[in-house]
Protein chains: 2
Amino acid sequence: MELHGRSIVGGAPVFEDGGESFRAFDPSEGREFGPEVFEASRATVARALEEAAHAFDVYRRKGADEVALFLESIARHVEALGDELVELARAETALPVERLKGERGRTTAQLRMFAEVVREGSWVEAVIDRAAPERKPLPKPDLRRMLVPLGPVAVFGASNFPLAFSVAGGDTASALAAGCPVVVKGHPAHPGTSELVARAVVAAAEESLMPAGVFSLLQGRSPELSLALVEHPRTKAVGFTGSLRVGRALFDAAAQRPEPIPVYAEMGSVNPVFVLPGALRERGAEFAEGLRQSVTLGTGQFCTNPGLVVAVRGETFEQFLDRTDELFAAAPPGTMLNPGILRGYGEGVERLRRLAKLGAGGAGADASRTQAAAYVFSTDAETFLDNHELGEEVFGPSTLVVGCQGVEELRRVAEGLEGALTATIHGTAEDLREYAWLVRALEQKAGRLVFNGFPTGVEVSAAMQHGGPYPATTDARTTSVGTAAIKRFARPVCYQNFPQDALPLELRDDNPRGLWRLVDNRWTRD
Amino acid sequence: MELHGRSIVGGAPVFEDGGESFRAFDPSEGREFGPEVFEASRATVARALEEAAHAFDVYRRKGADEVALFLESIARHVEALGDELVELARAETALPVERLKGERGRTTAQLRMFAEVVREGSWVEAVIDRAAPERKPLPKPDLRRMLVPLGPVAVFGASNFPLAFSVAGGDTASALAAGCPVVVKGHPAHPGTSELVARAVVAAAEESLMPAGVFSLLQGRSPELSLALVEHPRTKAVGFTGSLRVGRALFDAAAQRPEPIPVYAEMGSVNPVFVLPGALRERGAEFAEGLRQSVTLGTGQFCTNPGLVVAVRGETFEQFLDRTDELFAAAPPGTMLNPGILRGYGEGVERLRRLAKLGAGGAGADASRTQAAAYVFSTDAETFLDNHELGEEVFGPSTLVVGCQGVEELRRVAEGLEGALTATIHGTAEDLREYAWLVRALEQKAGRLVFNGFPTGVEVSAAMQHGGPYPATTDARTTSVGTAAIKRFARPVCYQNFPQDALPLELRDDNPRGLWRLVDNRWTRD
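Below is a short write-up of the structure. (Residues numbered from 1 in each chain as written. Chains lettered and ligands numbered in written order. Predicted model: local features only at pLDDT ≥ 70, side-chain atom pairs only at ≥ 80, totals over all residues.)

### As for helix α6 (residues 191-207) of chain A
Residues and elements named next belong to chain A. In a regular helix each residue adds 1.5 Å, so 17 residues correspond to 24 Å; α6 covers 24 Å between its end C-alpha atoms and thus fits that length. Within α6, 14 of the 17 residues are buried, which leaves it mostly tucked inside the rest of the structure. Downstream of α6 by one or two residues, L209 has phi in the positive range, about 55 degrees. (Helix = DSSP H or I, 4+ residues; strand = E, 2+ residues; numbered from the N terminus. Expected span 1.5 Å × (residues − 1). Buried ≥ 20, exposed ≤ 12 C-beta atoms within 10 Å, placed from the backbone.)

### Structural notes on helix α13 (residues 407-416) of chain A
Because the α-helix completes a turn every 3.6 residues, residues three or four places apart line up on one side. Residues and elements named next belong to chain A. When we look at burial in α13, the residues that qualify are E409, L410, V413 and A414. Buried residues in α13, looked at end-on, bunch into an arc of 140 degrees, giving them a common side. In this structure, the buried side of α13 is in contact with β13 (308-312), α12 (381-386), β18 (398-404) and α15 (436-443). (Arc of directions from axis to C-beta. Contact = placed C-beta atoms within 7 Å.)

### Details of the sheet that holds β18 of chain A
Whenever strands of a sheet pair, they do so through backbone hydrogen bonds, lying parallel or antiparallel. Ordered by their spatial adjacency, twelve strands build an open sheet running β15(A)-β17(A)-β18(A)-β13(A)-β12(A)-β19(A)-β20(A)-β21(B)-β6(B)-β5(B)-β22(B)-β23(B), and the pairing between neighbours is mixed. Looking at strand neighbours, the two that pair on one side only are β15 (357-361) of chain A together with β23 (522-524) of chain B, the edges of this open sheet. The sheet shows a mean angle of 20 degrees between the axes of neighbouring strands, direction not considered. Each of β15, β17 (375-380) and β18 of chain A is contacted by helix α11 (residues 339-355) of chain A, which is oriented at about 25 degrees to β18 of chain A, the strand it contacts most. (Pairing = 2+ DSSP bridges. Axes fitted to C-alpha atoms, helices over the stretch in contact; angles between N-to-C directions.)

### Examining the relation of the copies chain A and chain B
In the superposition of chain A on chain B (RMSD 0.0 Å, axial shift 0.0 Å), the rotation amounts to 180 degrees. The relationship between the two copies is best expressed as a two-fold rotation axis. No C-alpha of chain A approaches the rotation axis more nearly than that of A255 of chain A, which lies at 3.2 Å. (Least-squares fit on C-alpha atoms with pLDDT ≥ 70 in both.)

### A short note on the pairing of strand β18 (residues 398-404) of chain B
Residue and element names in this part refer to chain B. Across the seven residues that make up β18, a large majority, seven, are buried. Of the two faces of β18, the one holding S398, L400, V402 and C404 and the one holding T399, V401 and G403 are both buried throughout. With six bridges connecting them, strand β17 (residues 375-380) and β18 associate as parallel partners. Across the sheet, T379 pairs through a bridge with V402, a residue of β18. After leaving β17, the chain enters helix α12 (residues 381-386) and then returns to the sheet as β18, a path that is right-handed. (Right-handed = clockwise from strand over helix to strand, strands pointing away.)

### Points about the environment of E92 of chain A
Residues and elements named next belong to chain A. When you line up the elements, E92 lands in helix α3 (residues 82-93). In sequence terms E92 and L163 are 71 residues apart; their C-alpha atoms lie 12 Å from each other. Leave out the neighbours within four places in its chain, and E92 touches A24, D26, P162, A189, H190, G192 and T193.

### Some words on the interface of chain A and chain B
Every contact between the two is made by 51 residues of chain A and, on the other side, 51 residues of chain B. Only β5 (127-129), β6 (143-149), α8 (244-255), α14 (429-434), α15, β20 (446-451) and β21 (490-496) of chain A provide two or more residues apiece to the side of chain A that touches chain B. Top element by residues in the side of chain A that touches chain B is β21 of chain A. It accounts for six residues. Here the residues of the side of chain A that touches chain B sort into 29 nonpolar, ten polar and twelve charged. Examined bridge by bridge, β21 of chain A and strand β20 (residues 446-451) of chain B share three bridges and lie parallel to one another. The residue bridging Q496 of chain A from the neighbouring strand is V450 of chain B, located in β20 of chain B. (Nonpolar A, V, L, I, M, F, W, Y, C, P; charged D, E, K, R; others polar.)

### Some points on the nonpolar core
One finds L71 and V201 of chain A together with L71 and V201 of chain B to be the most contacted residues of the largest nonpolar core, which totals 354 residues. Ignoring sequence-local partners within four residues, the contact set of L71 of chain B consists of L111, F114, A115, A173, L176 and A177 of chain B. (Core = buried A, V, L, I, M, F, W, Y, C linked by C-beta atoms within 7 Å.)

### Brief notes about unusual backbone geometry
Note the cis peptide between Y470 of chain A and P471 of chain A, where omega equals 10 degrees. With respect to the element layout, P471 of chain A can be found in the loop between β20 and β21. The linkage connecting K136 of chain B with the following residue, P137 of chain B, adopts the cis geometry, with an omega of 0 degrees. Here P137 of chain B lies in the loop between β5 (127-129) and β6 (143-149). Here E125 of chain B, not a glycine, exhibits a phi torsion of approximately 50 degrees, which is positive.

### Some words on the packing of helix α9 (residues 277-296) of chain B against helix α10 (residues 315-329) of chain B
Residues and elements named next belong to chain B. Orientation of α9 relative to α10, taken along the N-to-C sense of each, is 25 degrees, at an axis distance of 9 Å. Of the possible angle classes, the one that applies to α9 and α10 is roughly parallel. Considering how the two elements wind past one another, α9 and α10 form a crossing that is right-handed. Across the interface between the two elements, L280, R281, G284, A285, A288, E289, L291 and R292 of α9 pack against T316, F317, Q319, F320, R323, T324, L327 and F328 of α10. For the contact of α9 with α10, a count of residues per class yields eight nonpolar, four polar and four charged. (Parallel < 35°, antiparallel > 145°, perpendicular 65-115°, else oblique. Left-handed = near helix turned anticlockwise from the far one by under 90°.)

Just distances and angles here, no functional claims.
The following block contains the structure:
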């Protein structure tokens, strides 16, 4: 498919944009390629949102089946892009082909999962309190509540998941599933991948007879474009995955609007891992190997990368450090997503080098091919507690091991942590009983607690929580992975004393959609 | 009980505060009374939050029964204040004794309702996805998610509900139920009522063996105090009911914190009422009477007061206007809560007088006794659409009737509305079929849609939605009335591969609390 390098609004490329442009960049070759990609103008942003608002009136009234078929059609059209998509994504991101195929599978599985969620329908949280006209002193009205969609959603594609958290990724799938049109700002690190997937979404929208404004793609890389998208009055919510700096800027812009809107920014985190004494003693070497794998997986470019390891010092701790040093010394370099991310990683590593002790790493990275080396650093708890910067995320394949003098110091490290997406404990059954307080402490710090595992690898399911206290996200009450992500794009509406035939199907007495509903305080499908 | 006029922190009055002070004010007499009330200093704010954070570590681990008993104990201690509370509240607010007794009943019923919610326990939204160790290519982990409390919550008492939305009102009850300590900023219009209720909460905390920091009351009236409370790093969420100006200021302060926190500000709204042709024809006079009652109820001091009536012009419309004029001309004046609110009402009425046509009203109000007269104004849709100020809330017993040339103009009025707590439709069954589009339009504008009723009167139940798009609230995804209000003060945590005995009771296989849970995508109590 020939790429046009244009934003796509209302189902068609925007040839009017003629200002700034850029090209795709192959990080492993260190060179630009592909057609000129034109930055969306302010007028294009406005048109995308106006079309989305217009489409919203139609789209939110579509039946659940129509929306589900649309999502499934997107999945099919993405699959139909075949090897061309995988090959282009590989060239733009340097992610391995197998990883990209897996990510494509995750993307289409997410779309189909949300189709199933929409078709099943109970996600609208229907609650019915039936009338009690005889109640004294006042009759009780008939009240029926359900979730309705918020309106057009701005989605920002992430660089590290060019498929699963990008144009047709989790944010887009969950917003469309909720009944919201989507305007995606494509990540400039993979413009061709964005265009291919956007064209698949447009084809699916056409096939499914959806209004053309239900989906748009804006190409560009200026901060002004991102702000214009968040500040547009038709935008009603924002989904973002990326850096703290950019996420916070979008959050601030949204909070300062005349009408503030929710921003779901997932901004990564340091993902602390606590290794308790029994685990260190019984399987320290095994843990070191698991850590090395988790830290270097995907060249460390995961929001859930374990950037901090905390343990109590002693003989087995020293053995563990030696083993980690060996493993990281032997770790091969990996290609990062783009030179900007490599630069950020370099700065993070310099910070660690300045404040902590280098254990091992740094071998054989060729910067002209955007390669990064793996590193492991170590420090003592006192230094860690005195240097707030040591607790900040370094995006890439490095980790910092903090050795504590005893349980009390470990407790202070745990309690001083910033919000995180995940927190992990490695321990024996006995460790866990002794450190029950640590579980309670980490509940306050993270959205997901992992026992005897590694935080990389985020299951897409109903119980997943991918989110956490600030600065991990701007809204710890929500998840950006799993079926619950749909709830971010909806709000409740209550109907008081409405006749049956004026109610949405979801709230009628005969429950024609067979939903799970809370009726007079009891869950039922009757 | 002798009032001390002091803030209460950690279960004891703060005698250190010695700066600014003020007194209670009896609006119906137009005079100050009672002891000096001392403004909480910055140090007192900080101490309240530190005590709350300390209490949180204990409080969030209390069993459901202990928390439920605590809430029920608060209800009993509030009731034990007897006539003294009602009499003092009457003097401070000029609300009638019967209304205050009803409000007390609502307050204690809310506390008991949340006790029941906590005891039943399903509010934590437990979701369990069981492991599939054999899954290919990767085993599926065991994932279990539930809601956990956010931390200390700042609650701002509202002037118009000195009991039900004040010290032990809905925000406090739902935050305590969620497991969050509460620091209340008492409304300066009822400092004695606040103190009495706070002492009841403190007595209940002592009786229930709760940590002393679980509840504090801060007295004061400076904006700096409110901001200090919102900006304190230990504060994790804010509940507020009051004006748009103050609510927005608190929201802005919270959004600008290094760690932003959620603000649930309910800021009132204009609560539009659409009267469709059939209803106007069949029962215009009856509607006029209902409207007059709803507008003047409680001297119009409800967030859900219907400040806007929209209808299509014609013969029956003119008859309706005449009837409303008659009714409002005969409406007696009412005493407002305080001179500040009366002043705000006066400004609002002046604005309406300047931009619209006075129908009737204004009779017999004595400003020295803080009395307000009822007013009805009217205008045409064109004037309404051209003057944005006409769509803003006037807090008090006035309403504006907008006459439309036809359905198209009525549609433009509906689509141009700002966010509201409620929107009401009066119509016949036939009207409702013809105006189905109006229901769909109003779903986008309000949190609760009322059919053939009036928006005043907010049921406290599971299906209630008291909230709506900005500027009605700062978070349309939540409600401040009803059992769902508890969810504002919690966030999900997911436990991955945890052994049974390290899991919270709510997530264990044997479901010892008998909760409704979503297990492998199916709701069950097994």
